[in-house]
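Chain by chain, the residues:
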Amino acid sequence: MSNTILSCFKDNSVFAWEFDTLRCKYQLPTPVEGSALLYKVFAVTRDGRIFVAGGKSNRLHLWCLESRKLIRIIQMPAKVRAVRHLEFLPDTFDGGSSQVLGVLSQDNIMRFINIETCKLLFDIGSHEEGISTAAISPNGRYIASVMENGSLNLYSVQTLTQEGNQPPPPTFKVVEDQSKCPSEANKLTMRVTSGRSERPWKSKGSKIQSRLLKLQVNTSPENKENELPGGLNKKRLRALLKGFGEYPAKYRMFVWRSLLQLPENYLAFSSLIDKGTHSAFVNIQNEYPIKSQKLLRVLQRTLSALAHWSAIFAETPYIPLLAFPFVKLFQNNQLICFEVVATVVVNLCQHWFEYFPNPPVNVLSMMENVLAHHDKELLQHLIKHSVTAQVYAWPLLETLFSEVLTREEWLKVFDNIFSNHPSYFLMIVVAYIICSRAPLLHCDQKADFEYFFHHRNNLDINVVIKEAYHLTETTPLDIHPQRMLDDFVPLTKGQYPVFNKYPKFIVNYQTQERERIRQDEIEYLRERQLAHELEAKAQQQKAEDEAWYRKQELLREAEEQRRKMLLEEEEKLVEQRQRLAAVKRELKVKELQFLDASRRRFLKYQQDQRQMELKRLDDEIARKASMREQETAAAIQDVEVRRMELESQRQIFEQHLIKDQEAVTKEMKEEVDARLRKVDLEDHLVQRWMEIDREEKQKAQMVAEENLAKAEQKRLDSNWRLQALHKLKGGDQAREKRYEEIAKLLHDNRVKEAELLKAMREAEEKKWEEVIQKKAQLEAEEKAAAAADEHRKQFLEDKMNDAFELAEKLQREDGYFERLRDLKAGCAERGAELQQVPWSGNICLNGFSPSESSSHVSLERRGEELASQERELLAEVRRLRQKLASQARSRHSPTRFPATKWTP
């Protein structure tokens, strides 16, 4: 409803343009820091005041186009990640300022929220049946949605909301200082919360069922008259009521509001409530004691509002009985409660107040005429026992059947009353009387009739309702109540109609009389209070006078008593003076005696002091002597402690030396083990070399035998035998030479062992100054051993090369050159492994060549003997070292432990 065009660009800037001149009117400012989002969808209220924007976020920006400010940031539930569509839900009476916003999110559910309270009112669609697009009717009554499965659903907004139509919250706002109000994004952000307590809607478990309605092109004026608010039709409601006998309990309140066409005048009702409690109902709890205080307050407010609306209701004694059923039914919505009661009074209580304060004689006469037409026998029985319509009809009318029906029966009855003409209410009273004719015909006391119409009876209410419809259809027009009662007229919107269909002078007179009585009562209470106060003052004055006289009598008696006591005291004083003079004389004598005794006591005290001084000096001398003895004993103890400390230090030192010796011994043992491993490796290498040589010789021999077998067998055999004999002789010579070398080696080993034992005995007797010389000697020996290792390795390599060359020379003619080359490469690799291991100087293989080892069996045996001799030598060295260590430990002398590592 404006001439403004809004445009949003990709940079999120929103401009407003004049439709006529196409000039830019204004630009919306940038949102506060931390709340910016990319705008994709928009919605504006019809009055052009509120602008809402959303996008790929669960937040909505709410702008006020008048102040051009971001007034609120609405945060949708966490399930919403993006907004696809925004649309305001219009209302007929909001003037274009819609408060309900529909938000269609990425999960295909459209949620409707209140932008003021941020309450989630209801939602349509589900994950199984998602909404693709949706549109709202201009009057806001229906929502059409295209589902993802292609179906078209039509929703009723009034059914979805199921509002209690509570009055709006008071428009009371607090003026705040703008400078103190924070403007950050978190202050503007409001989360959408569930609004079940404020606006109940369909439960999550329930599913909205849609139905197809045929479009009626030709609508008659009768149908227009039957149309009700909320999209209901009175004819269809009557058909439903005729079929089921009552409306569904879930929708009963909604149907009643539609049938009664309640205007929901919030402001008018608020003005009546603001007037406070009416004086006629201030002490209603005394007349109608109700356990529920809430129900009592609602009843008091409803009756006060009725009394402020029309003065007749303040003077009507039965108005609380008439209103109480509706108050109990609508206690959570006082506006609906008041308007329902007011509608009932205006329509169902027509002509009730014309004979006020008497019952409505005209209405009772109409019912009596109907009863006379349909059941003369029952009427004659009632007249016979002097039972008038005020006894059998008026109790049912003034209580609206609330005394004789249960809750369910009462609701069923008023479903039919609200769906028909107001005369049906009178017909159902007559039907109740006719259906009760059997017990009524047996009553013959007036008290029994009165009890019957004030208490519940065993009566089928469905039969009563059907009988009422039968009476409505069969009653002649001349006595039919419909001829005398007006049609249903709803309350006017905006303001309630004036209700003055009652004798005003009587009401005014009763009001004046009530006011006069109230004033007289107030005056009487004031005078009675004043009389009580005067009486209380007189009684108080009388009590004060009696107390004064009693006090004066007591004072006089006390004065006489004190005079007698004074005379007695004077006599006692004279006697006491006489006794005092005698006492003084006795005291003087005693004083002289005390002076003499004190002098003697002082002399004795001086003697005692001198004796104590002498005793104190003796004690001091004894204390000094005792202290001297204690100091001497302490010094002796200190000397003893010092000696013990020195002894402990010596023991600790010896322990350290023993630990050092054990470490040296462990290192030496590790070195000996390493050398043993090296010796084993060397033996393994020699054995491998011997095996290779033996294999090659066997192969060469086999080849030679095969070649010689092809020639002359006998000649070759004899020659081969000669060569074999020569070779055996050469092997014997080599063995003898090897035996000589082994004997020489054993001799050298024995000499070295004797030298080693001699050196170890000499090292045991030397002192710490010889340690440096031993270290130098050890280094020289290690260098010599390294040189011997190098020489021995070179010797072995030379011998192996000679052996390979000889084998190649012998087998070159037989085609084994390639095989020998491979064997040579394998031996070279083995020699490389041998180079990586330090060689030991304990075994000398000088002079041992492959050419001299014709018998590999004897060579292996000699190698084993040498290895066993080497192991025996190492064991003997180990035993000698242990013996030396034990001897050094037994002497307990630090100088006896060698500091060098012993090497074999």
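No experiment lies behind these values; they were computed from the predicted model shown.

### Quick word on unusual backbone geometry
Although it is not a glycine, Asn12 adopts a positive phi angle of roughly 75°. With respect to the helices and strands, the residue Asn12 is situated in the loop between strand S1 (4-8) and strand S2 (14-18). The phi dihedral of Glu264 is positive, around 55°, even though this residue is not glycine. Relative to the assigned elements, Glu264 resides in the loop between helix H5 (252-260) and helix H6 (266-274). By relative accessible area, which is 21% here, Glu264 ends up partly exposed.

### Points about the packing of aromatic side chains
Counted by the stated rule, this structure contains 28 aromatic pairs. Between Tyr318 and Phe353, the ring centres sit 6.5 Å apart and the planes meet at 10°, which makes this aromatic pair stacked. With Tyr318 in the loop between helix H9 (312-315) and helix H10 (319-329) and Phe353 in the loop between helix H11 (334-347) and helix H12 (361-374), the pair connects residues that are 35 residues apart, well separated along the chain. Among the residues examined, Tyr318 registers a relative accessible area of 9% and is labelled buried. A relative accessible area of 2% places Phe353 in the buried class. Look at Phe452 and Phe453: their rings are 5.1 Å apart centre to centre, the planes differ by 85°, and that puts the pair in the edge-to-face class. Like Phe452, the residue Phe453 is buried in the burial classification. Each residue in the set Phe269, Trp309, Phe313, Tyr318, Phe338, Trp352, Phe353, Trp394, Phe401, Phe425, Tyr432 and Tyr496 is aromatic and connected to the rest through ring pairs, giving one cluster.

### Thoughts on the packing of helix H16 (residues 407-418) against helix H20 (residues 461-474)
A pair of packed helices is captured by two measures, namely the crossing angle of their axes and the spacing between those axes. H20 packs onto H16 with a crossing angle of 15° between their chain directions and a minimal axis gap of 10 Å. It follows from the interaxial angle that H16 and H20 lie roughly parallel. Between H16 and H20 lies a crossing whose hand is right-handed. For the pair H16 and H20, the contacting residues are Glu409, Lys412, Val413 and Asn416 in the first and Ile461, Asn462, Ile465 and Tyr469 in the second.

### Some details on the confidence of the model for the protein
Mean pLDDT over the protein works out to 78, with 80% of the residues at or above the 70 mark. Confidence over residues 196-222 falls short of pLDDT 50; this stretch has 30 contacts with residues more than four positions distant or in other chains. Between residues 837-857, whose pLDDT stays under 50, and residues either more than four places distant or in other chains, the model counts 57 contacts.

### Digging into a nonpolar patch on the surface
Nonpolar side chains collect at one region of the surface, where Ile5, Phe19 and Leu22 lie side by side and expose about 320 Å² of accessible area between them. Relative to the helices and strands, Ile5 is located in strand S1. With a relative accessible area of 36%, Ile5 lands in the partly exposed category.

### Section: H20
Between its terminal C-alpha atoms H20 stretches 20 Å, which fits the 20 Å expected from 14 residues at 1.5 Å a residue. Regarding H20, the residues found buried are Ile461, Val464, Ile465, Ala468 and Leu471. Projected down its long axis, H20 shows its buried positions confined to an angular sector of 120°, all on one face. Pointing more than 90 degrees away from the buried face of H20 are the exposed residues Lys466 and Glu473. Taken together, the buried residues of H20 touch H12, H16 and helix H17 (423-435). Among the residues of H20, the N-terminal cap falls to Asp460, whose side-chain oxygen and the backbone nitrogen of Asn462 are separated by 3.2 Å.

### Focus on the sheet that holds strand S3 (residues 24-27)
Across the sheet, three strands lie side by side as S1-S2-S3; this open sheet has antiparallel pairing. Either end of the sheet is taken by a strand with one partner, and the two such strands are S1 and S3. Neighbour-to-neighbour, the strand axes of this sheet turn through a mean angle of 25°, independent of strand direction. Both S1 and S2 contribute to a ladder of five bridges, which runs antiparallel. Looking across to S2, one finds that Ile5 is bridged to Trp17.

Reading the values: rules and limits
Residues numbered from 1 in each chain as written. Predicted model: local features only at pLDDT ≥ 70, side-chain atom pairs only at ≥ 80, totals over all residues. Heavy atoms only, no water. Helix = DSSP H or I, 4+ residues; strand = E, 2+ residues; numbered from the N terminus. Buried < 20%, exposed > 50% of the residue type's maximum accessible area, 1.4 Å probe, protein only. Phe/Tyr/Trp six-rings, centres within 6.5 Å; stacked < 30°, edge-to-face > 60°. Axes fitted to C-alpha atoms, helices over the stretch in contact; angles between N-to-C directions. Parallel < 35°, antiparallel > 145°, perpendicular 65-115°, else oblique. Left-handed = near helix turned anticlockwise from the far one by under 90°. Contact = heavy atoms within 4.5 Å. pLDDT = per-residue confidence, 0-100. Patch = residues over 30% accessible without salt bridge, like charges linked within 9 Å, V, L, I, M, F, W, Y side chains within 5 Å. Areas by Shrake-Rupley, 256 points an atom, 1.4 Å probe, with all protein chains shown as cover. Salt bridge = Lys/Arg side-chain N within 4 Å of Asp/Glu carboxyl O. Expected span 1.5 Å × (residues − 1). Arc of directions from axis to C-beta. Polar contact = N/O pair within 3.5 Å; in protein donor to acceptor, adjacent residues only side chain to side chain. Pairing = 2+ DSSP bridges.

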